[in-house]
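One letter stands for each residue in the lines below.
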Amino acid sequence: MRFYIPTNIYVEKNCVQHHAKDVLALGKKALIVTGKHSAKTNGSLDDVLKILQSGNVPYQIFNEVEENPSVETVACAAEMGKAFAADFVIGIGGGSPIDAAKAIALLIANPSETETSLYTPKDLKTLPLLAVPTTCGTGTEATPVSVLTNRKGGFKKSIACKIFPTLSLVDGKYLAFAKKELILNTAVDALSHMVESYLNSQSNVYNRMFPEYGLKIWEQNKKEPAGIAGGSSFTGVALGY
């Protein structure tokens, strides 16, 4: 299954491996942005590294993204990317790493900008961005939104720039390693997104087809079955399998 919105989104088993050429076409040097543990545990990081290594693409890994990522973390990662001369960014994980990766790609592409300008509306370019989501609720792989925490200012909100990933590769197999609590929380998150999308004042018959279909899947799979890793049938089903 493939969508373009304008992100090229592919949803399939072994998605990263199947689209190796698309990944390698993004650039020559990659900055990988992720959290501390989950990308290693679920195999998503290894899948990406195999492709980069096969194409002889140099990379650096920034794995310090926290839950509710801060502008300070984003600035630190951007400095790493600038020093490395990265020309594309890969975000692997849930909403936090991918949201952070969007802002990082923006700051690397605009060296004169700092984290203090993230909330100022400007027409800025950004580096190509690959999103490899490993949870099923945030939808950040399909949206232009990047929500960051400003610790000094004491607030959390979306940055001003709208940044769509260039390419999103979605594979439900990574959810098999997620904790039950994470699956349940992101399933409710997905439900909220679908309801909001359907009721949005700018929705129409065409885009309502997606939340309508998603709500049917949610209803069919809301009960917890036995014998599924992570403890929920949303593993895979929520991603189209």
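Below you will find a few notes about this structure. What you are looking at is a predicted structure, and each value in this text was computed from that prediction instead of being measured.

What counts as what
Residues numbered from 1 in each chain as written. Predicted model: local features only at pLDDT ≥ 70, side-chain atom pairs only at ≥ 80, totals over all residues. Heavy atoms only, no water. Pairing = 2+ DSSP bridges. Helix = DSSP H or I, 4+ residues; strand = E, 2+ residues; numbered from the N terminus. Axes fitted to C-alpha atoms, helices over the stretch in contact; angles between N-to-C directions. Expected span 1.5 Å × (residues − 1). Buried < 20%, exposed > 50% of the residue type's maximum accessible area, 1.4 Å probe, protein only. Contact = heavy atoms within 4.5 Å. Disulfide = S-S within 2.5 Å. Phe/Tyr/Trp six-rings, centres within 6.5 Å; stacked < 30°, edge-to-face > 60°. Core = buried A, V, L, I, M, F, W, Y, C linked by side-chain atoms within 4.5 Å.

## Remarks on the sheet that holds strand 4 (residues 59-62)
In a beta sheet, neighbouring strands pair by backbone hydrogen bonds and run either parallel or antiparallel.
Link 1 in the chain: Strand order in the open sheet formed by seven strands is 1-2-9-6-5-3-4, and the pairing between neighbours is mixed. Single-partner strands in this sheet number two, and they are strand 1 (2-4) and strand 4. Sheet twist, expressed as the mean angle between neighbouring strand axes with direction ignored, is 15 degrees.
Link 2 in the chain: One ladder, built from four bridges, connects strand 2 (residues 8-11) with strand 9 (residues 167-170); its direction is parallel.

## Examining helix 5 (residues 71-84)
Link 1 in the chain: Between its first and last C-alpha atoms helix 5 spans 20 Å; for 14 residues at 1.5 Å apiece the expected length is 20 Å, and the two agree.
Link 2 in the chain: Regarding helix 5, the residues found buried are Val71, Thr73, Val74, Ala75, Ala77, Ala78, Gly81 and Phe84.
Link 3 in the chain: For helix 5, the elements touching its buried residues are strand 3 (30-33), strand 4, helix 6 (95-109) and strand 7 (147-150).
Link 4 in the chain: Positive phi shows up at Ala85, right after helix 5, with a value of about 60 degrees.

## Here we look at the state of the cysteines
Link 1 in the chain: As enumerated under the stated definition, the model contains zero disulfides in all.
Link 2 in the chain: Between Cys136, a free cysteine, and Cys15, which holds the nearest cysteine sulfur, the sulfur-to-sulfur gap is 16 Å.

## A look at the packing of aromatic side chains
Link 1 in the chain: For the coordinates displayed, the defined rule picks out two aromatic pairs.
Link 2 in the chain: With centroids separated by 5.2 Å and ring planes inclined at 70 degrees, the aromatic side chains of Tyr119 and Phe155 adopt a geometry described as edge-to-face. Placement of the pair is Tyr119 in the loop between helix 6 and strand 6 (129-133) and Phe155 in strand 8 (residues 155-158), with a sequence separation of 36 residues.
Link 3 in the chain: Using a relative accessible area of 30% as the deciding quantity, one classes Phe155 as partly exposed.
Link 4 in the chain: When the ring of Tyr206 is compared with that of Phe210, the centres are 5.9 Å apart and the planes differ by 80 degrees; the resulting orientation is edge-to-face.

## Focus: the nonpolar core
Link 1 in the chain: In this structure, Val33, Val74, Val89, Ile104, Leu118 and Leu148 are the most contacted members of the largest nonpolar core, which totals 28 residues.
Link 2 in the chain: Mapped by element, the contributors of at least two residues to this core are strand 3, helix 5 and helix 6.
Link 3 in the chain: Per-element accounting of this core gives the leading share, nine residues, to helix 6.
Link 4 in the chain: Ignoring any residue separated from it by four or fewer positions in sequence, one finds Leu118 in contact with Val71, Val74, Ala103, Leu106, Leu107, Leu148, Ile159, Ala160 and Cys161.
Link 5 in the chain: Counting residues in each nonpolar core, the second largest holds 22 residues, with Ile32, Leu52, Ile90 and Tyr174 among its members.

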